[in-house]
Structure formats: C-alpha cells, structure tokens
Amino acid sequence: MTEMAVAGRRETRSVCPYCGTGCGVILEHDEKRVFAVRGDPAHPANFGALCTKGRGLAATLDRERLSSPLRRARRDAAPKRVSWHAALDEAAARFAAAIEAHGPEACAFYVSGQLSTEDYYVVNKLARGLIGTNHIDTNSRLCMASTVSAYKASLGQDSVPGCYEDLEQADLILIAGANPAFAHPILFRRIEAARERNPDLFLITIDPRRTPTAMVSDLHVALAPGTDVAFFHGLVHILMRDGRLDRDFIREHTEGFEALREIAYDYPPRRVADICHIPVEVLERAAAAWGKARAATSLWCQGLNQSSHGTDKNHALINLHLVTGHIGRPGAGPLSLTGQPNAMGGREVGGMPQLLPGHRELANEAHRAEIAALWGVPDLNPAPGLTAVPLFQAAAEGRIKALWIACTNPVVSLPETRLVDAALRAADFVVVQEAYYPTETAAYADLLLPAASFAEREAVVTNSERRISLMGKAVHPPGEARPDWEIFRDFAHTLGVALDATRVPRVAGETHALRARRLFAFATHRTVFDEYKACTEGRDLDITGLDWRELEAGPRQWPYPRGASEGRARLYTDHVFATPSGRARLSAAPYQPVAEPVSQAFPFHLTTGRLRDQWHTMSRTGLDAGLFAHDPEAVLSIHPLDAAGLGIQDGDLVTAESRRGAVTVRARAHEEVAPGTVFLPMHFGARFSARGAVNVLTEAAARDPVSNQPELKHAAVAVRKTALPWAGRLVRRLEPGLWEAARALLPELGYGALARHACGSAEALVLRFAFPEPPGEAWAGRLATLFALRDGMVVGYQDSRGVRKHILLRDERLWGFCLLGDDATGAWLQDLLLTEAEVGAWRHALVAPTVPAGAVSVSVSGRLICQCRGVGEAVIRQSIEDGARTVAAVSARCGAGAACGSCRPEIAALLGARPASPT
C-alpha cells in the first residue's frame, strides 16, 4: 500500500529522491505539507534506515521552488511570470521555427537521472517520435555511461547481475573508485552489519584517497589516479600464476581468454606496483584474498566511470569475476552503484542518444523498426545523436538552436564550465524545466517551466539492483508546477499545432497536430508506464507481468515477464550471457594513463568526488541547514608534506589552477590524499561559492571513446597559497531577503563561501570572504545596511589598520555580526549565535582580538562528525580516551552514531577499528 491513515494524519510511501540505492520512505503529511520523512521498514533496499540527506527531506520541499512559468524578454532581463498557455506557445513556436529553418537536429534535450521512468519515456518519444532528433542525453552520461558500455561489451546487455543481498552473502567485497560510506551510506550500513555477523568478510577498497570507506577496510589499495586497468590486469596475472582461475568456467562460459592471458603476462607484480605507486605486497594480498574467496562481490562508481578509459576499467574489473567464476550465484557478481534515483530507469527507456526503449539500440535497424511500429510512426531517424559534452559543443558552435534542459544543472556538473557558458549563450532558445529556483543554469534560460518534485507526484523509478518502486504522491505541487511527463505531453500537443503553421512536411499525410495528439494521448502517468511496459516484452528487462496491484504492494525486481510470481534477484545464474555465442566476453585492453598528465607547470593530480551530506549541485540539499554542518564549504584536501612545501597551513586560502581556469578555496592539510594528489568536492557552484566550482578545472575533451563519458575524476593542476590576507565573516539570523542579499555578493568576491546553519528553531547564514587589502568603510557600511546589522543593540570596533567589527544584539543574544580584517574570534562568535546562548559575561569580549579564556567554540569541539546529534570530533576522541572501544560504546557515551549511522565509518576510523553493527 502506498497510503496509510495514522492518528488523524496521512502517511504515504515513496522513494528517496537522492542516490540510486532507492531507499523506501514514509511521508507524514496533512495533504498540504510534508512535515516529516522516515525510512520505510518494509522496503527491501533500506529496511527503515535513512542517511542524513534522506532524514532531512521534509525541509527541502517548500523552499526556493519554481511555482509558475517565467519568461525573459532578454537574456540579461529579470524573468517575468507568464501563463502556461503563453509559455508552451512560445516554446512550440521557437522549436518549430528551428525545425523549419535548420531541421529536427537543430533541437536537443538534456535531461536527468532524477526524472521518473514516465518522464523519461515521454521526452524520449517527444524527441525521436515527434520531432525526429536523436539529440537527447542525460546527466547519467556523467555517471553511468561507462558501466553501460562495459556491461554490454562483456555480458551482452546493460543488466546489473547482482543484488543487495549479495552484500550479506559474500565473503569478500571489493570496492573500486567509490566511497559508499559517504555516497551510498545505507548500503554501507548493510556491509557494516554483514561484517559484524561474519568477521571473516574481507573488505578491499581501491581508491587514491584514504576515504572513510578505505579507513575501515581490511585492505586499502591507494593506487595512483587512473591506473585501475593495470591493477586489475596485475590481479589476473597473479591469479594465473597461483592457479586460482576457474578453468572450467573460462572454457565453458567465456571467450577471449587467450588475448587476456597474453596481456596479463605483461603486467607482473613489480611493473604493476610501479605503475600504480603501491607496494607489491598490497597487490599480492589483494590477489590472494580474491583467489581464496568463496563468493566475491564488487562495487564501483565514479572512480572507474568518470575516466577517458572508463569502459576499459569497468571491463577489467568484470574480467576478475569471469576468470574466477564469481558471477550468477549468491554473494558473487559485479554490482555497479548508481548515482541517481532513476538513472537505471532512464537506461531502460532509452534516455541516451544511442538507446531506444527496452534496452534496444538505435544503430540496430530491426530495433528501430520495432519501436516505430509500437509508436505508430513510419520510421525513426537513424543518425546518431550527440552525447552530453558534444551536444553542448554543438550549441556553442551554433548547430543546436533550441535546447531544453530538464531537472539538471549542467553549468555546475558538466566539465569545463567555460564551454557550457558559451553553449548556453550561443543557443537561440533555452528552456529550463526545474523544480527549484534559482539554479546556476536557470540564469541562462529564456523560459523557465515549474516541475513537480518528490512527494508531489506518483511515479515509477528503478534502483541499482533493478528494483522498481512506486513513488507515492502526498501533497500537491506548489502553484502551477506540474509533473515533468505532463509538461512534455502538453508541449508535444502545442508543438504539433505550431508545426502545422510551418513548411515542415507532414508525416504519412497526417497533420502534425493530429499526430501529436495520437502519440501523446496519455491521461495519467499509469497510461505512460503501461505503454512503456509493452516495449519490454521479450526483452531482457521484460516487465509485462508486473501490474499496478503488485507495485502498490511493494517493489519488484526485473525481469518480471507474464506468468512470473516474483522478480529475479540475480541474472546469469545459468551462466548463459546475452552475446551471440552465449559466452561472456573478456577484455584485453591495455592500461592507458590519464588524459592530462601532470607536468612541471601543473604538478598535482586533482581528483573530485562527493561529500557525505551534500548531493550533486545542491539544488535540494542546499536548502537544509543541517546538511552544512559536516562540510560547510568547498575545501581542497592536500597532503601535509605538499602543504608544507608550498607554505600552506591548514585553513589557508589556496588557488588551484588548471589549463582551463582557477578556483580559490580553503585548504585542508590531511593524509587522506597521497603526496602529489589533491581533492576537491563536486557540489559547490556559484550559489554557494564565489570561486569554488571544481568543473572550472576539468577538461571536456577528455572522454571515453566508447561511452563518451568525460574524465571528471582527473585534471592536472597547480596549487599556490593565495594572497588574500583580509579575512571576513558575516553571520546573521535569517530574515526575509537576507539569503538572497548574501548570494548576490558572491560574484564580487575573490573568495567567498555561503552556508546555512541551524540556529535553534531558526536558521542563520554564514558568509566567509577575503580580500587582498582592506575593503574600506563604504563596503562595511553596505554590509551593515544589507544585513540590518544596526537593527538592535550594536557593539562596534574600528582601528587604524582597517579592522572593523560590527555586533548586533537582541534580547541579550547575539543576532548577527560582521568581522572585517580579523576573523580570529569568528568561530567562537558563530557558536555563540547558533547556540542562542545569552551573551551575559561575554559582552565585554565580543570585539576582543582573541577568544576569552573559558569560552568554548568550534575550534575546541572540532569538526562536526555526527550531524544528527551535533557531536564534534573532539568529543568523540574524548569518549575514546575515556574508555569507549567500539562504535556502540562511543554512541552510548556521547550519542554520535546513534541515529542515522552515516557517521559510523568516521567514528570507526577514529577508533582504528571496524564499525560496529548498526543495530
């Protein structure tokens, strides 16, 4: 059941809209507002557990929403509200004009793995079936494209072999290029629990960084960035040497072993150790563990995918499973981790240029004919469509005239930001369809269309283990917002009318308007899904046996053909693969280095990734003040030896520069990265950071030749300490208009970081900034005016150096402050404001140059580890010193780790031991 009535309230079952784990949630609401979200104990992905992001979902639904269509008369003008009728008319007229003048391929769509299966299906049909363009790609191109390519190359189809239950049944889990302790924390909690039940479960993490996942692993392989293929070939070499291969499986169920054997001979342990910059002993230990395993499962994500050789990396890892027979049985198989809630669903319905619904291929004439017949159109355009980066390059070159962007923020997420900027400026007409506003991409839109979000629509999504879940609708969308599929449907109808007013030829004698009405005669999302379901008949993902009654009762895995009573947990249990021979194909691709090598001018390897409490470009997580506590800003991690050599201390401002641009952020000297490597998170765009967007640095041209996935995980950079000695901090309890005022200041700053923080039952903004020289009295006065720092009792300070302090008090509590030129007491004052403590005895010290004796601040309590309970690192360390020897004991002493559990790996790392059971 998706709905329940409890104690006068309504409860609706749905699915978390963040990562591809697909956690079930229960929404508590009154049909007008969702006021709480908790984990669904009946959902087989999470059994009631939720991470910090999922627990905070209720705080993100009613803020910064796009609630009506907006139109810009000019790109530099403020958008004005228009009716849906006017908005769709304009969009249709502009797309029809582009088609008439330049052909269908002048139009393109760039959509999202956050769309539902129904949304994906309708926009795919719109692009290919009505307009006739294959230029439709998704931000999943940045996430899973190399996995798709490798699955198809090795196993014959894009079908994930394993399931989450394998995490409990394996005796070895290998994690490559992923940090599930942060990025997929609920799955990592399942691993924690499995290790507690089975102390012999061996965990290997392959990652250049010493991530929280790596810290609690039995073996951390800290290889050099981009060297994964060499490492996997090295493992095969040792397995051959030691007689650990499954010769029967190789002979009966694979092809290409001779070529793999020959190339593996070229990767002896010493050579691999030199390429990967690891000790030979680490390689030998990993090979021995894999060779002895009864059942081995592998997990991976962007560390393998976001590479100019991502397909080779994926295939080389799958080789390990095939040469040892670790596939198609409990606890054994490759299990790729998906970054978005419905990236799998997008792949299923053909939401990429080379795909068609039902895992069909555009290049296959028979597949095109099958979909054309299902849709009732004469044929489909066979011309290959453009993938994400080439699509935006084409727009920059003037070949894409009309561009529709839905539910994604490419200005932050795509590589080489300057290219995206040029593309969006060059396109004649840009539509942005989005639930949240503003986003960085929305600033370029001629037309903004409001979309319904999580909890505001009923829809279907598929998670990483092929499990299809029904998202329930709890509340209505704000204002005039609509479900995405409905927007696409209505646009199709309007476009049909507009095309009839042009010289674009009719298809098979049918008017464009009649054809659009026929193709998009969808009354509800269920009619959309039912049509898609028909596309799957006879395919590997056949779900023709799945009806709505079953989906309402609970999630189901595909395939689920007619006559099935349940889905299939694992694929290839018969060891027959979807290749012409029925055998899995082994890869013999050689190791190739990263696309952009380091040099004297750019000596550091930059790698990128996710933080624990933020997600993608923060359109949703940036609305929850609690999610800033763990990592409030973009910080560059650098090894202490490198930092010392550059004269950089922990907390200094630094500039990282590549051949394409530069960012200025705060530094963190930490041994999580190896010497010669730096790390910067992917999330912070211009709405939260003045100069901290990592994709200013990355390269668009470095892409995998098969998957076209860009190498977002690596760039060569130089790092230097930045001469911005005049530090400042502005903290203010939030009142209407203040957040917008702070955001508007960011473009003026050489360094700026903006965050929300909880302040009792309210919130506060924290803006940190720095200047090369004193900003002057006029700027200080401007801040005081913008942020109403004179509205109450004011304590001020100013000296001849240009240092200025402005303190606002109300009811004996700190309400706001601005420090210019001296931030030495900023952390203490910020704590005083956020905890709503009475100023009392500290009044005389509010403008003092140092924190007064006896005062406690963030600098004392340390970096926040447990967001749910507000427990800092120093408190956890004290609990350990006081005798806590397990995660459970730490939780009992200070509360850390006792709620969602996302912080357990970090607590375990502080203990120097494995995480305890999450129960």
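Let us look at the structure shown here. (Residues numbered from 1 in each chain as written. Predicted model: local features only at pLDDT ≥ 70, side-chain atom pairs only at ≥ 80, totals over all residues. Heavy atoms only, no water.)

## Let's talk about the nonpolar core
Ranked by internal contacts, the top residues of the largest apolar core, which has 157 residues, are Phe 95, Phe 231 and Trp 404. With sequence-adjacent residues up to four places away left out, Phe 231 is seen in contact with Ile 206, Val 221, Leu 223, Val 272, Cys 276, Ile 278, Leu 283 and Ala 286. Counting 51 residues, the second-largest nonpolar core is a separate cluster that includes Leu 606, Ala 656, Phe 769 and Val 803. (Core = buried A, V, L, I, M, F, W, Y, C linked by side-chain atoms within 4.5 Å. Buried < 20%, exposed > 50% of the residue type's maximum accessible area, 1.4 Å probe, protein only. Contact = heavy atoms within 4.5 Å.)

## Examining the packing of aromatic side chains
Applying the stated criterion across every chain yields a total of 23 aromatic pairs. Plain terms: the ring middles of Phe 95 and Phe 429 are 6.3 Å apart, the flat faces sit at 85° to each other, and that makes the pair edge-to-face. Here Phe 95, found in helix H2 (residues 84-102), pairs with Phe 429, found in strand S18 (residues 429-434); they are 334 residues apart in sequence, far enough to count as distant. Accessibility classification places Phe 95 together with Phe 429 in one group, the buried group. Aromatic pair Tyr 121 and Trp 375: ring centres 6.3 Å apart, planes at 80°, arrangement edge-to-face. Of the two residues, Tyr 121 is situated in helix H3 (residues 117-131) and Trp 375 in helix H17 (residues 365-375); the sequence distance between them amounts to 254 residues. A relative accessible area of 0% places Tyr 121 in the buried class. According to the relative accessible area criterion, Trp 375 is buried, its value standing at 3%. Cation over ring: Lys 125 sits above Phe 520, and NZ or CZ is 5.7 Å from the ring centre. (Phe/Tyr/Trp six-rings, centres within 6.5 Å; stacked < 30°, edge-to-face > 60°. Helix = DSSP H or I, 4+ residues; strand = E, 2+ residues; numbered from the N terminus. Lys NZ or Arg CZ within 6 Å of the ring centre and 35° of its normal.)

## Re helix H22 (residues 512-519)
Restricting attention to buried positions, one finds in H22 the residues His 512, Arg 515, Ala 516 and Leu 519. All buried residues of H22 project into a common sector of 100° when viewed along the axis, lining one side. For H22, exposure combined with an orientation more than 90 degrees from the buried face picks out Leu 514 and Arg 517. At its buried positions, H22 is contacted by H3, H17 and helix H21 (484-500). (Arc of directions from axis to C-beta.)

The values reported here are purely geometric and, on their own, carry no functional implication.
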